[in-house]
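Structural characterization, general
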Amino acid sequence: CLTRPTISSTGLPYEISLYWHQYPYNLGLPFCKIRALISEASTYVSVLTIVAFSMERFLAICHPLHLYTMSGLQRPVRIIAGLWIVSLLSAVPFAIFTDIDYIVYPPTNEKILDSAFCAMLSNPEGFPLWELSTCLFFAFPMLIMVVLYGRMGMQIRSRTQRTAELGVRNGSVNGPSRISQSRKAIIRMLAAVVITFFVCWAPFHAQRLLFLYARDWQHFNTVNTWLFSVAGWLYYVSW
């Protein structure tokens, strides 16, 4: 199954209901497409928000004066509005190509009406939509975060080393040790953000690509079932 959680807690009851009643889908095509739009958009806006926060932290640590000149209420409101607009526009193709599909009975190729489900089963012809989504909203954000938090870690390390040297010159004995411990804690926190982002979102995109490229694999059903459950729960953890 390729259905994914809708936005935050509003989609949780429906997603939980899938564990008890998944077939047939009986909420109609309009709701199916709206759900696909909201689900995809909420995924994108979550990722973009994490990247935006990372950029804010980068500016605060590496360019504090530049961030101070941009302070104000209008700026975060514009950023949030921009993230939602980009996310909704990026999710429109998924809403367009999502449809109510059926399992086909092999001997007669007839649709089994009780097997109706809402999903997008393949890429649009000639357009790698799933791969593009993975690159733009997982691989590239992951790369950006690695670079940003790496730069932040280097900046913090450089500052604490200079502060420690000043403490030694001024005769402080415990100062450098406390600064070193504080620096290590901050760097561990920065690394934890990147690792958590990868852990929460990698199964989501892995399941999509597995469905796209490995449906003929003998262990596909088992792995896909586990990935669906793990990716779904990690999706909500990421919020």
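Every value quoted in this text rests on a predicted model; they were computed, and no experiment measured them.

Close contact between helix 2 (residues 29-62) and helix 4 (residues 74-97) brings their axes to 7 Å; oriented N to C, the two are set at 145°. Read as a crossing pair, helix 2 and helix 4 show a hand that is right-handed. Considering only residue class, the contact of helix 2 with helix 4 consists of 18 nonpolar, three polar and four charged.

What follows is about the UniProt feature "transmembrane region" (unreviewed entry) in the protein. The feature "transmembrane region" (unreviewed entry), as annotated in UniProt, sits at residues 77-97, 129-149, 185-206 and 218-237 in this numbering. The distance from the first to the last C-alpha atom of residues 129-149 is 29 Å, and the span holds 100% helix and 0% strand. Secondary structure across residues 185-206 comprises 100% helix and 0% strand; the distance between its end C-alpha atoms is 31 Å.

A few words now on the side chain of threonine 134. When you line up the elements, threonine 134 lands in helix 5 (residues 129-169). A polar atom in the side chain of threonine 134 sits 3.3 Å from the side chain of histidine 205. Excluding anything up to four places from it in sequence, threonine 134 contacts Ala139, His205 and Leu209.

Counting across every chain of the model gives six aromatic pairs. Ring plane angle 10° and centroid distance 3.8 Å describe the contact between tyrosine 44 and phenylalanine 137, whose orientation is recorded as stacked. In this pair, tyrosine 44 is assigned in helix 2 and phenylalanine 137 in helix 5, connecting sequence segments 93 residues apart. Residue tyrosine 44 is classed as buried on the basis of its relative accessible area, which comes to 1%. Overall, phenylalanine 137 belongs to the buried group, its relative accessible area being 8%. Summarising the aromatic geometry, the rings of tryptophan 130 and phenylalanine 211 are spaced 6.2 Å apart at their centres and angled 70° between planes, so their arrangement reads as edge-to-face. Residue tryptophan 130 is found in helix 5, and its partner phenylalanine 211 is found in helix 6 (residues 175-213); the two are separated by 81 residues along the sequence. Take tryptophan 130 and phenylalanine 211: they sit in the same class, and that class is buried. Clustering of aromatic rings is evident, with ring pairs tying together Trp130, Phe211 and Phe220.

Once that is clear, we can look at the nonpolar core. In this structure, Phe58, Tyr149, Met152, Phe197 and Trp201 are the most contacted members of the largest nonpolar core, which totals 23 residues. Looking at this core, the elements that each hand over two or more residues are helix 2, helix 5, helix 6 and helix 7 (220-238). When residues no more than four places from it in sequence are discounted, the contact partners of methionine 152 are Ser54, Arg57, Phe58, Ile61, Cys62 and Leu190. In terms of nonpolar packing, the next biggest core, distinct from the first, is built from 18 residues, Leu83, Met120, Phe137 and Leu227 among them.

Let us now look at the layout of surface pockets. Counted as a void, the largest pocket has a volume near 520 Å³. Val45, Ser46, Thr49, Ile50 and Phe53 are, among the 22 residues lining the largest pocket, the residues nearest its centre. Residue contributions to the lining of the largest pocket peak at eight residues, all from helix 2. Of the residues belonging to the lining of the largest pocket, the class tally is 16 nonpolar, four polar and two charged.

Scanning the model with the defined rule gives one salt bridge in all. Its salt-bridge partner being arginine 208, residue glutamate 40 comes within 2.4 Å of it at the nearest N-O pair. Residue glutamate 40 is found in helix 2, and its partner arginine 208 is found in helix 6; the two are separated by 168 residues along the sequence. Classification of glutamate 40 as buried rests on a relative accessible area of 4%. Look at arginine 208 and you get buried, because its relative accessible area is 8%.

Criteria and cut-off values
Residues numbered from 1 in each chain as written. Predicted model: local features only at pLDDT ≥ 70, side-chain atom pairs only at ≥ 80, totals over all residues. Heavy atoms only, no water. Axes fitted to C-alpha atoms, helices over the stretch in contact; angles between N-to-C directions. Helix = DSSP H or I, 4+ residues; strand = E, 2+ residues; numbered from the N terminus. Left-handed = near helix turned anticlockwise from the far one by under 90°. Nonpolar A, V, L, I, M, F, W, Y, C, P; charged D, E, K, R; others polar. UniProt positions renumbered as here; feature names shortened; annotations may be inferred. Polar contact = N/O pair within 3.5 Å; in protein donor to acceptor, adjacent residues only side chain to side chain. Contact = heavy atoms within 4.5 Å. Phe/Tyr/Trp six-rings, centres within 6.5 Å; stacked < 30°, edge-to-face > 60°. Buried < 20%, exposed > 50% of the residue type's maximum accessible area, 1.4 Å probe, protein only. Core = buried A, V, L, I, M, F, W, Y, C linked by side-chain atoms within 4.5 Å. 1 Å grid on protein atoms, 1.4 Å probe; cavity = no way out; pocket = protein on both sides within 12 Å on 5 of 7 lines; lining within 4 Å. Points joined across faces, edges and corners; volume = space filled by probe spheres on them. Salt bridge = Lys/Arg side-chain N within 4 Å of Asp/Glu carboxyl O.

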